[in-house]
Amino acid sequence: MTDEIYKYDVRCSTCRQTFKVELFESHEKNLFLADKKDWYCEKCKKEYFDQQTAALTKTQKAIGFPELEGTPKMISWAAKIRGDLIKKVDYLKQSLTFESDDEKKLSDKAFDMFMKEWQKNIEAKWWIDNRQINVRDISKGIGEISDSIK
Ligand SMILES: [Zn+2]
């Protein structure tokens, strides 16, 4: 037995070049995967991530988030995390209801301050380290800010 049996020829869905991948399921399943799955070679994968990162960075810049610093790989990952976390903030903001205009004003201000704090984190590493932040954590952070500015 050699490792060769785990290697399968696949075709990149973007540039159509063939390359080898290692698959470790049963031989039948491997053949199925090699044939049906969308494969992307390293070069196209990198281009795809670069494009995605550029698009995310642009969207995030438009709402006040500066360009991230770090290695290209970290930046690519961090931009995605940052996008997901901003979505969580938006989700929370939309899910709130208020009894008065003053309450809403206070809440909006707290959200603004919260986002401004996040905007200071330009290190890709910070976002990667904090990728587990959930809606509840965000809600708590915003609640604390609200209390402090009441
Ligand atoms: Zn390719």
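Residues numbered from 1 in each chain as written. Predicted model: local features only at pLDDT ≥ 70, side-chain atom pairs only at ≥ 80, totals over all residues.

A. Fine view of the overall build of the protein chain. Within the protein chain, the regular secondary structure consists of six helices and two strands. Taken from N to C terminus, the helices and strands of the protein chain fall in the order β-β-α-α-α-α-α-α. Dimensions of the protein chain, computed from the C-alpha atoms along their principal axes, are close to 70 × 30 × 25 Å. Buried residues in the protein chain amount to 13% of all 150 residues. In the protein chain, the proportion of contacts linking residues at least 24 apart, taken out of those at least 6 apart, comes to 62%. (Helix = DSSP H or I, 4+ residues; strand = E, 2+ residues; numbered from the N terminus. Buried ≥ 20, exposed ≤ 12 C-beta atoms within 10 Å, placed from the backbone. Contact = placed C-beta atoms within 7 Å.)

B. Quick look at helix H3 (residues 72-95). With 24 residues, H3 ought to run about 34 Å at 1.5 Å a step, and its terminal C-alpha atoms sit 35 Å apart, in line with that. If you check which residues of H3 are buried, you get Ile 75, Ser 76, Trp 77, Ala 78, Ala 79, Ile 81, Arg 82 and Leu 85. At its buried positions, H3 is contacted by helix H2 (42-62) and helix H5 (124-129). (Expected span 1.5 Å × (residues − 1).)

C. Examining the nonpolar core more closely. The biggest cluster of nonpolar side chains holds ten residues, and these are Leu 56, Leu 68, Ile 75, Trp 77, Ala 78, Ala 79, Ile 81, Leu 85, Ala 124 and Trp 127. Listing elements by their share of this core, those giving two or more residues are H3 and H5. The element that contributes the greatest number of residues to this core is H3, accounting for six residues. (Core = buried A, V, L, I, M, F, W, Y, C linked by C-beta atoms within 7 Å.)

D. Examining unusual backbone geometry more closely. In this structure, Arg 16 takes a positive phi of about 65° despite not being glycine. Residue placement: Arg 16 occurs in the loop between strand S1 (7-11) and strand S2 (18-22).

E. Spatial organisation of the packing of H2 against H3. Here H2 crosses H3 at 45°, and the two axes come no closer than 9 Å. One way to sum up the angle between H2 and H3 is to call them oblique. Crossing of H2 against H3: the hand is left-handed. When H2 is examined against H3, the residues Phe 49, Thr 53, Leu 56, Thr 57 and Gln 60 are found in contact with a partner set consisting of Ile 75, Ser 76, Ala 79, Lys 80, Arg 82, Gly 83 and Ile 86. Counted by class, the contact of H2 with H3 contains five nonpolar, five polar and two charged residues. (Axes fitted to C-alpha atoms, helices over the stretch in contact; angles between N-to-C directions. Parallel < 35°, antiparallel > 145°, perpendicular 65-115°, else oblique. Left-handed = near helix turned anticlockwise from the far one by under 90°. Nonpolar A, V, L, I, M, F, W, Y, C, P; charged D, E, K, R; others polar.)

F. Highlighting the environment of Arg 136. Relative to the elements of secondary structure, Arg 136 occurs in helix H6 (residues 135-149). Arg 136 sits in the exposed class, given 10 other C-beta atoms within 10 Å. In sequence terms Arg 136 and Lys 88 are 48 residues apart; their C-alpha atoms lie 9.5 Å from each other.

G. Focus on the pairing of S2. Among the five residues that make up S2, zero are buried, leaving the element largely open to the surroundings. As paired strands, S1 and S2 are joined by five bridges and run antiparallel to one another. Each residue of the ladder has a partner; that of Asp 9, found in S2, is Lys 20. (Pairing = 2+ DSSP bridges.)

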